[in-house]
Amino acid sequence: MENSEKKFADSENCPVRNVLDRFGDKWSTLVLLVLDDTKVLRFNEIYKMIDTISQKMLAVTLKSLEADGLVLRTQYPEIPPRVEYTLSERGASLIPHIKSLVQWANANFEAITQSRAAYKN
């Protein structure tokens, strides 16, 4: 296998594929954008803002983002317990890139939709 083929074959050690697989799922980018917009949110606040996500999927998504160091989870010793989520410094550094992708998607959405419709025919 040539060098260029090898660099794309090993998904586990490929930084691009490895990282994009983690935050490029259906919900992670949206959660990151919501946290950027609002700064500090509790679980139920995020859940209400993204009304199409299940509680289980939100919990899984937040744990994944926390594991990657993109989101910080702060639990306060209160009764009832209070947990807040914020972007980490690493997560905040990703936001300009996500916003660029959002701008590109908005600018190209109509053309992509038309291409998809034409492709089906």
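Just above, that's the structure.
For every chain, the first residue of the written sequence is number 1, and numbering continues from 1 onward in sequence order. In view of the model being predicted, local features appear only for residues whose pLDDT reaches at least 70, and side-chain atom pairs are presented and counted only at 80 or more, with totals across whole chains, interfaces and linings using the full set of residues. The basis for every side-chain value is the complete set of heavy atoms in the structure, and neither hydrogens nor water enter the calculation.

*Asks:* It is not clear to me how the overall build of the protein chain should be interpreted in this structure. Could you clarify?
*Replies:* Within the protein chain, the regular secondary structure consists of six helices and three strands. Going from N to C terminus, the protein chain has its helices and strands arranged as α-α-α-β-α-α-β-β-α. The globule rule puts the C-alpha radius of gyration for 121 residues at 14 Å, and the 18 Å found for the protein chain is more than 25% above it. Expressed as lengths along the three principal axes of its C-alpha atoms, the size of the protein chain is roughly 55 × 40 × 25 Å. Across the 121 residues of the protein chain, 25% fall into the buried class. Helix and strand assignments follow DSSP, with helices taken as H or I runs no shorter than four residues and strands as E runs no shorter than two, numbered in order from the N terminus. The quantity called the radius of gyration is restricted to C-alpha atoms. Its globule counterpart is 2.2 Å times the number of residues to the power 0.38. Under the scheme applied here, a residue whose accessible area is under 20% of the maximum for its type counts as buried, over 50% as exposed, and between as partly exposed, the area being computed with a 1.4 Å probe on protein chains only.

*Asks:* What's the story with the pairing of strand β2 (residues 71-76) in this structure? I'm lost.
*Replies:* The side chains of a regular strand alternate between the sheet's two faces. As judged from the six bridges shared by β2 and strand β3 (residues 82-87), these two strands associate in the antiparallel manner. Paired with arginine 73 across the bridge in β3 is tyrosine 85. Strands are treated as partners if at least two bridges between them are detected by DSSP. Between the end of β2 and the start of β3, which pair antiparallel, lie five residues.

*Asks:* For this particular structure, what's the right way to read the layout of surface pockets?
*Replies:* The rolling of a water-molecule-sized probe over the atoms marks out the regions of remaining empty space. Residues are called lining when one of their atoms sits within 4 Å of a cavity or pocket point, these points coming from a 1 Å grid over the protein atoms alone, where a cavity is a set in which a 1.4 Å probe fits but cannot get out and a pocket is an open set with protein on both sides within 12 Å along at least five of seven lines. Grid points are joined across faces, edges and corners, and a volume is the space filled by probe spheres set on the points. Within this model, the largest pocket holds a volume of roughly 210 Å³. Around the largest pocket sit Arg42, Phe43, Asn44, Ala59, Leu62, Lys63, Glu66, Arg73, Pro81, Arg82, Val83 and Tyr85, which together line it. Mapped onto the lining of the largest pocket, the elements with two or more residues apiece are α4 (43-49), α5 (55-67) and β3. With four residues, α5 is the largest single contributor of residues to the lining of the largest pocket. Only Asp, Glu, Lys and Arg are considered charged, only Ala, Val, Leu, Ile, Met, Phe, Trp, Tyr, Cys and Pro nonpolar, and every remaining residue, Gly among them, polar. Taken together, the residues of the lining of the largest pocket sort by class into six nonpolar, one polar and five charged.

*Asks:* Would you take a moment to explain the side chain of glutamate 84 for this structure?
*Replies:* By secondary structure assignment, the location of glutamate 84 is in strand β3. Glutamate 84 gets classed as buried once you look at its relative accessible area, which sits at 17%. Between N or O atoms, a polar contact is any pair within 3.5 Å; within protein, one atom must be a potential hydrogen donor and the other a potential acceptor, and residues adjacent in sequence are included only when both atoms are from side chains. A distance of 2.8 Å separates a polar atom in the side chain of glutamate 84 from a polar atom in the side chain of arginine 82. Only heavy atoms matter for contacts: two residues are in contact if any of them lie within 4.5 Å across the pair. Once residues within four sequence positions are removed from consideration, glutamate 84 is found in contact with Val40, Leu41, Arg42, Leu72, Arg73, Thr74 and Tyr76.

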